[in-house]
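# Residue-level structure breakdown
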Amino acid sequence: MGTNSAAETGKAVPGLAGVPLLGSLFDLKSDSLGTYLRAQHRHGDLVRITAGPPGMRAELYCVFSPAGAQQVLASDAARFRKDNHFYQEVRESFGNGLLTSQDEDYLRQRRLVQPLFTRRRVDGYAGAIAAETASVITAWGGAPGGIVDVSDEMAHLALRAVARILFGTDVEATAHVVAECFPVITDYVLRRGYSPANVPRHWPTPGNRRATAAMDELYGVCDRIIAERRRTGTEAETGAGSGTGTGLGTGTTGEDLLTLLAAARSSDDGEFDAAELRDQVLIFLLAGHETTATSLCFALHLLARHPEQQDRAREEISRVLGDRTPGAADLERLPYLTQVLKEAMRLYPAAPVIGRKAVATTRIGEHTVPAGADVILAPWVTHRHPVYWPDPDRFDPERFTPEAEAGRPRYAWFPFGGGPRACIGQHFSMLESVIALAMILRAYAFEAVDTEIPVGAGITLRTNGPARCRIRRLDTP
């Protein structure tokens, strides 16, 4: 634990050299992930980066070590809050849900939602995931030239899966609206979140008008479905309270996650009102499809570039599953495929950067982080730390054997965050990813067309170019 007395004796944090007046502003704008990597390579595990002109300058304290990440997220979590400018922009666009809420709001929401994300309940989603994956596999039979962009395709799959689980029979209307509106809103959040100064949201600028129109359309669809559930969706209430329902994955009205959220209540925490339900839905849509889509995209891309590992994963899938549809119980029976996924998440973490605001002066390692500082954790960098990951840019699923994992610090790999704010949906993400990968790899062989994919840090990791693969159906000549 950091204390004020200990913090006073810490060394000054080394700074990354930038240009006069603007510091590292242009480096962060053009390649923030590369800038963080260079900072760690040059100065070590805690580096100060300044960006912007005097009077509007941001000062980032970047923590790159597993021990530092553990301190910020877990052991000293109360000293580091989601109070920074970027989270405020996310909050204003996507609501005050589990990702963005704090203090008693967060604790109350977590208590109400947690029973719906037990392992037993989440395992009930397997049927919906398998059904949406089967649809993608069938559609690929008509891929022009036998080439698919796995970035676009996995985004489509992950969105369809989470929308079906959330909304049941309303999946068609919601998936289309989310696909159209989310890019507009997320780009708006990014522009404002990384800008030192913004015009008020209510000013009628073109950017404000586009974002407002997208939010109005998205909110309207969610509000309509929520109102319908509150009128007709009470039949799942008993299952939500007892914890015995297993129909979440069927996609039928009365069993979808929204109905269960609407029925969630306790004597101490009450229940969600309509606005709170919408906030939870928006956050689940954001976090539940973009993160899993990223993991699936890069797992397929990496296997397409590494045929030996692709063949080994497929052999395991064939041996374990045969011709049957995978279910939740198969996660433990597919250890190599899980290692592939974890290695893809190491190299391409869906949340490559995590921000916090220090609310107390704190000692981290040998250095002092002052109260009020913007603190950056970068899984993108920590997952490539040469002390814990030899030859860090090499794709090697053997890094995640049980023996190898036991030999590393807990926070050498943290794609789902950690501590009291760890992602509530991490088992869902792993379930969806393993089931989808197993079905896709059994159906198709992959060869990379685009061998390098440029990426950047958005709300989640984003591809800045195509991720095309040539596919070959395996059950036909």
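This write-up is about the structure you can find in this document. These numbers come from a predicted model, not from an experiment. (Residues numbered from 1 in each chain as written. Predicted model: local features only at pLDDT ≥ 70, side-chain atom pairs only at ≥ 80, totals over all residues. Heavy atoms only, no water.)

## Brief notes about the pattern of salt bridges
In this structure the tally under the stated criterion is 31 salt bridges. Residues Glu-276 and Arg-108 are paired through a salt bridge, measuring 2.8 Å at the closest nitrogen-oxygen approach. With Glu-276 in helix H13 (residues 274-305) and Arg-108 in helix H5 (residues 103-113), this residue pair connects regions lying 168 residues apart in the sequence. Since its relative accessible area comes to 23%, Glu-276 is described here as partly exposed. According to the relative accessible area criterion, Arg-108 is buried, its value standing at 17%. Glu-398 is the partner of Arg-312 in a salt bridge, and the nearest nitrogen-oxygen pair spans 2.8 Å. (Salt bridge = Lys/Arg side-chain N within 4 Å of Asp/Glu carboxyl O. Helix = DSSP H or I, 4+ residues; strand = E, 2+ residues; numbered from the N terminus. Buried < 20%, exposed > 50% of the residue type's maximum accessible area, 1.4 Å probe, protein only.)

## What to know about the packing of helix H7 (residues 126-139) against helix H8 (residues 150-167)
Contact geometry of H7 with H8 gives a least axis separation of 9 Å together with a crossing angle of 145°. The crossing of H7 and H8 is right-handed. Together, Ala-128, Ile-129, Ala-131, Glu-132, Thr-133 and Val-136 of H7 and Glu-153, His-156, Leu-157, Arg-160, Ala-161, Arg-164 and Ile-165 of H8 make up the contact between the two elements. A breakdown of the residues in the contact of H7 with H8 according to their chemical character gives seven nonpolar, two polar and four charged. (Axes fitted to C-alpha atoms, helices over the stretch in contact; angles between N-to-C directions. Left-handed = near helix turned anticlockwise from the far one by under 90°. Contact = heavy atoms within 4.5 Å. Nonpolar A, V, L, I, M, F, W, Y, C, P; charged D, E, K, R; others polar.)

## Describing the sheet that holds strand S2 (residues 58-63)
Reading across the sheet, the five strands line up as S1-S2-S10-S7-S3 and stay open at both edges, with mixed pairing between neighbours. Of all the strands in the sheet, just strand S1 (46-51) and strand S3 (80-81) have a single pairing partner and so form its edges. Bridge count between S2 and strand S10 (residues 374-377): four bridges; the pairing is parallel. Residue pairing for S10: Cys-62 is matched across the bridge by Ile-376. Along the sheet face, helix H3 (residues 66-75) touches S2, S3, strand S7 (354-358) and S10 and points at about 125° away from the line of S10. (Pairing = 2+ DSSP bridges.)

## Re the environment of Arg-38
Within the secondary structure layout, Arg-38 lies in helix H2 (residues 25-43). Using a relative accessible area of 31% as the deciding quantity, one classes Arg-38 as partly exposed. Along the primary structure Arg-38 and Phe-400 are separated by 362 residues, whereas in three dimensions their C-alpha atoms are 26 Å apart. Setting aside residues up to four positions removed in sequence, Arg-38 forms contacts with Asp-27 and Asp-31. Polar side-chain contacts of Arg-38 include one of 3.1 Å to the side chain of Thr-35. (Polar contact = N/O pair within 3.5 Å; in protein donor to acceptor, adjacent residues only side chain to side chain.)

## Quick word on the packing of aromatic side chains
Summed over the entire model, instances satisfying the criterion amount to 11 aromatic pairs. Here the aromatic rings of Tyr-125 and Phe-428 are separated by 5.6 Å at their centres, their planes lie at 80°, and the arrangement is edge-to-face. Of this pair, Tyr-125 sits in the loop between helix H6 (119-123) and H7 while Phe-428 is found in helix H18 (residues 426-443), placing the two residues 303 residues apart along the sequence. The ring of Trp-380 is capped by Arg-384, whose NZ or CZ atom sits 3.9 Å from the centre of that ring. (Phe/Tyr/Trp six-rings, centres within 6.5 Å; stacked < 30°, edge-to-face > 60°. Lys NZ or Arg CZ within 6 Å of the ring centre and 35° of its normal.)

## Focus on the sheet that holds strand S11 (residues 444-448)
Taken together, the three strands give an open sheet; going across it, the order is S4-S14-S11, and neighbouring strands pair in antiparallel fashion. Edge positions in the open sheet fall to strand S4 (147-149) and S11, since each of these has one partner strand only. Sheet twist, expressed as the average angle between the axes of neighbouring strands with direction ignored, equals 40°. In this structure, S11 lies alongside strand S14 (residues 468-473), joined through five bridges in antiparallel fashion. Residue pairing for S14: Ala-448 is matched across the bridge by Cys-469. Packing against the sheet, H13 makes contact with S11 and S14, and its axis sits at approximately 75° to S11. Set on the sheet, H18 makes contact with S11 and S14; between it and S11 the angle comes to about 90°.

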